[in-house]
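Coordinate inspection notes
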Amino acid sequence: MGKVCEKYSGLDKIMKIFNPKDIIPELINILLKRQIHFNFDLLPFLGKDLSNEKIYNFFIAGLNQFAQQPKPLGYPVIAQVEPVNFCNLSCPLCLTTSQTEARPKKMLSLNAYQTFIHDIGAYLLLLVLWGWGEPLLNPDIIKMIQLAKSKNILVHLSTNGSVRLSDQKVEGLVNSGLDSLVFAVDGATQESYSSYRKGGNLNLVLSNLKRIVRTKKKYNSHFPIITLRFIIMAHNEKELPQMKKIAHEAGVDFFTVRGEAYFNDKNNNFSKPGNTRYQLEHNEKNQASFICMRPWKRIIMDASEEIIPCEFDYKSKYSFGNIKNNDKVLKIWKGKKASRFRKEFNLGTNHFYHCKSCIHKIIKNEFCNLETMTI
Ligand code: SF4
């Protein structure tokens, strides 16, 4: 098992749009080979056969970090889409569990998704296909991946894996062109696993994982790249070596250790690990100087079809618009509501309910993922 990285910069570095340090070494690749390597979520991605539109927009959109205009330059390069906003599990520290009243249960329609991708797919490099909820519960998830792939967009999906998957679904996940599939598994025994992943079944998760790995072998496919992601907490940190062994035996590509920042007194069972190496470092002092580019860099559509400035706006309170109203996605992204929001956002973020205790503001680490290892 080799270590890929503990901390390294990437396309998603802090809240900037792109870091020149990452982009300069890629210039030749982008301009001559029409390729780009980047890291997202501490995982490596490779975009290939980039169209002129994608390349041109990539550079134009990058200028937003210098201007931060209410009406952004270019179009978004990263999109996040929430296929469903509910889950089959009830993890105590997840907003899907704690904020159920704030959000009526919704499943994103294929129709809305198609409109979204048709409108902006030509510019996107990466699609993050999850929000607050379990994406594999959306019956159209394979079609969603296929559509994004038909527009040459890299697709990154995370699942709890504790979902009954038909053989057809497993084959679909492998043959859809999905680039990256993360399995979130936080325990090596059913007892510790389900103490956090409430309602989850570890055997089912591992069986799904192995079925996908077998199916990849059957089709001799490298994709999707599979990551087993372990949120490290006090109650499961002793299982880390066992988890690495499980990851190795299952045949995944990467094993990622992730930190959690929102431990609270009500959840005494879930506290930070004793090993300081796996604790997210808090950043109390520098919060005032924190600059977030999220409303410029990533376009987000929630399961209610609202275009929102950040996935933490789980109430869609600051929605830029809803595609149900037949508005073009790009018109919403550059529209009056969005511009008003960004203008206010430029003055400071603390009065936005979703930004007050934003994880990116309170931790020093670039990502919640702390370590990525090849298996
Ligand atoms: S919660 Fe606010 S500060 Fe945090 S990433 Fe979202 S928009 Fe940025």
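Here the structure is a predicted model, which means the values were calculated and not measured.

All right, on to the overall build of the protein then. Counting its regular elements, the protein contains 15 helices and 13 strands. Within the protein, the fraction of its 375 residues that count as buried is 42%. Taking as baseline every contact in the protein between residues at least 6 positions apart, the subset at least 24 positions apart corresponds to 74%.

A few words on the confidence of the model for the protein. On average, residues of the protein score 88 in pLDDT, and 89% of them reach the 70 mark or higher. Segment residues 5-9: pLDDT under 50, and 10 contacts once partners within four positions in sequence are set aside and those in other chains are kept.

This brings us to the site of the ligand. In the vicinity of the ligand there are 13 residues, among which Cys 292, Cys 310, Phe 312, Cys 355 and Cys 358 approach most closely. Partitioning the shell around the ligand into residue classes produces 8 nonpolar, 3 polar and 2 charged.

Among the 5 residues of strand β9 (residues 254-258), 5 are classified as buried, and the element is accordingly described as predominantly covered. Here β9 shows two buried faces, one formed by Phe 254, Thr 256 and Arg 258 and the other by Phe 255 and Val 257. Relative to β9, strand β8 (residues 225-231) is paired through 5 bridges, and the arrangement is parallel. Opposite Ile 231, over in β9, you have Arg 258 as the bridge partner. Taking the sense of rotation as the criterion, the β-α-β connection linking β8, helix α11 (residues 240-250) and β9 turns out right-handed.

Rules and cut-offs
Residues numbered from 1 in each chain as written. Predicted model: local features only at pLDDT ≥ 70, side-chain atom pairs only at ≥ 80, totals over all residues. Helix = DSSP H or I, 4+ residues; strand = E, 2+ residues; numbered from the N terminus. Buried ≥ 20, exposed ≤ 12 C-beta atoms within 10 Å, placed from the backbone. Contact = placed C-beta atoms within 7 Å. pLDDT = per-residue confidence, 0-100. Near = placed C-beta within 6 Å. Nonpolar A, V, L, I, M, F, W, Y, C, P; charged D, E, K, R; others polar. Pairing = 2+ DSSP bridges. Right-handed = clockwise from strand over helix to strand, strands pointing away.

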